[in-house]
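Letter by letter, the chains look like this.
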Amino acid sequence: MEFKQVLGNRRSIRYFEPEKPVEKEKIQVMLEAANRASRSGNIDYWKALVVYRDELDAETLDGLRVPTTTADLDLAPVQIYWFADLSYADPNNFKRNLRDLVNVGALNASHGWSEAYIDETVVGQIIAPMLSDQAIVGWMGTIETGLAICQAMLAAVDEGLGCCLHAINTEVAKQTFKWPDHWLPCWVLLVGYPAEDPQTKGQRPRRSISSMAYVNNLDTPWEEIPAVTERLKAEGLIQKPVDVEARAAEVRQLARRFGLPE
């Protein structure tokens, strides 16, 4: 699938084919995509725990629910728990990994990089003070983990899967899976084959970028270029808005199929 089409096709899927297993190979594609995400300092921030629904007993599955994660938890064959591994917050990790980037030609002398510059300036004057602030440590870890999650989600779409990020009962999950205390839970990604139309009868609403992006100052909104908008429509990034009536009919049909409230 072309890249812009993948972006345009991504939806939050909440109706999955419950009895259709997700191939391990496709989960690996998602994890490899996550592993190619941008990461500051070349640090391995993210960790993931892949859990198969059918390996959980009914009591545990029920205990994982929160008010926003209900029937979809029963329907999705795979849960991927994403964490920010806060043990990254060691200046020596940055020294080692940044030196690796120098050695492979990613960071170069033309831009002022050297081992001495890494040790004394980048780590000594910037990174080490930042890592002394736990709020910054959490911010860095979660934002970098979020980049990895995003790439995994797009890879899922490209593989023909559906996915949706969810909250979960973290206390029950921690008791069940026993992750270490320095792993900060971020999101759970439910994964499976869509039982609903993967494009959900059209694209969900988004405000225009001119209402959220600015140029040079906050008094000048970004002005969309109509020709670019039309090109993105042709390439599948911007799609037709959801047909509300068709979507409502589909949801009624799905509710009846799975014995859910209409």
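Higher on the page you've got the structure.
Attention in this report is confined to the structure presented alongside it. (Residues numbered from 1 in each chain as written. Predicted model: local features only at pLDDT ≥ 70, side-chain atom pairs only at ≥ 80, totals over all residues. Heavy atoms only, no water.)

1. Side note on the pairing of strand E2 (residues 78-85)
The following threshold applies: Exposed residues in this analysis have more than 50% of their type's maximum accessible area, buried residues have under 20%, and partly exposed residues fall in between, with area computed by a 1.4 Å probe over protein chains only. Each helix is a run of H or I in the DSSP string that is no shorter than four residues. Each strand is a run of E no shorter than two, and both are numbered from the N terminus. When DSSP finds two or more bridges between a pair of strands, those strands are recorded as paired.
Of all eight residues in E2, eight are buried, a share of seventy percent or more. Alignment of strand E1 (residues 46-52) against E2, held across seven bridges, turns out to be antiparallel. What sits directly across from Tyr52, in E2, is Val78. As paired strands, E2 and strand E4 (residues 183-192) are joined by seven bridges and run antiparallel to one another. Paired with Ile80 across the strands is Leu189, a residue of E4.

2. Points about the nonpolar core
One broad trend across soluble globular proteins is that nonpolar side chains are buried collectively. Put simply, the test is: Put simply, a nonpolar core is a bunch of buried Ala, Val, Leu, Ile, Met, Phe, Trp, Tyr and Cys residues held in one set by side-chain atoms that sit within 4.5 Å of each other. Contacts are assigned to residue pairs with any non-hydrogen atoms lying within 4.5 Å of each other.
Ranked by size, the top nonpolar core spans 21 residues in total, and within it Ile27, Met30, Ile80, Trp82, Leu161, Leu189 and Val191 carry the most contacts. Those elements giving two or more residues to this core turn out to be helix H2 (24-35), E2, helix H7 (134-158) and E4. Per element, the largest residue contribution to this core is six residues, and it comes from H7. The contact partners of Val191, leaving out residues within four places of it in the chain, are Phe16, Val22, Ile27, Met30, Ala76, Pro77, Val78, Ile80, Leu161, Gly162 and Cys163.

3. Examining the pattern of salt bridges
Filter applied, for reference: We count a salt bridge whenever a side-chain nitrogen from Lys or Arg sits within 4 Å of a carboxyl oxygen from Asp or Glu.
For the coordinates displayed, the defined rule picks out 16 salt bridges. A salt bridge links Arg53 to Asp54; the shortest N-O distance between them is 2.9 Å. According to the relative accessible area criterion, Arg53 is buried, its value standing at 7%. Here Asp54 falls in the exposed class, since its relative accessible area comes to 60%. Among the ionic pairs, Asp119 bridges to Arg99, the shortest N-O distance being 2.4 Å. With a gap of 20 residues between them, Asp119 in helix H6 (residues 115-131) and Arg99 in helix H5 (residues 91-103) connect regions that are remote in the sequence.

4. Let's talk about the layout of surface pockets
Gaps between atoms show up when a probe of the same size as a water molecule is rolled over them. Quick note on the threshold: Cavities and pockets are defined on a 1 Å grid built over the protein atoms alone: a cavity is a set of grid points where a 1.4 Å probe fits but cannot escape, while a pocket is an open set with protein on both sides within 12 Å along at least five of seven lines, and lining residues are those with an atom within 4 Å of any such point. Grid points are joined across faces, edges and corners, and a volume is the space filled by probe spheres set on the points. Side-chain classes are defined by residue name, with Ala, Val, Leu, Ile, Met, Phe, Trp, Tyr, Cys and Pro counting as nonpolar, Asp, Glu, Lys and Arg as charged, and the others, Gly among them, as polar.
Taken as a whole, the largest pocket holds about 790 Å³ of empty space. Taken together, 26 residues make up the lining of the largest pocket; nearest its centre are Gln203, Arg206, Arg207, Leu237 and Ile238. Taken together, the elements giving at least two residues each to the lining of the largest pocket come down to helix H1 (3-9) and helix H9 (226-234). Considering each element in turn, the lining of the largest pocket owes the most residues, three residues, to H9. For the lining of the largest pocket, a count of residues per class yields 13 nonpolar, six polar and seven charged.

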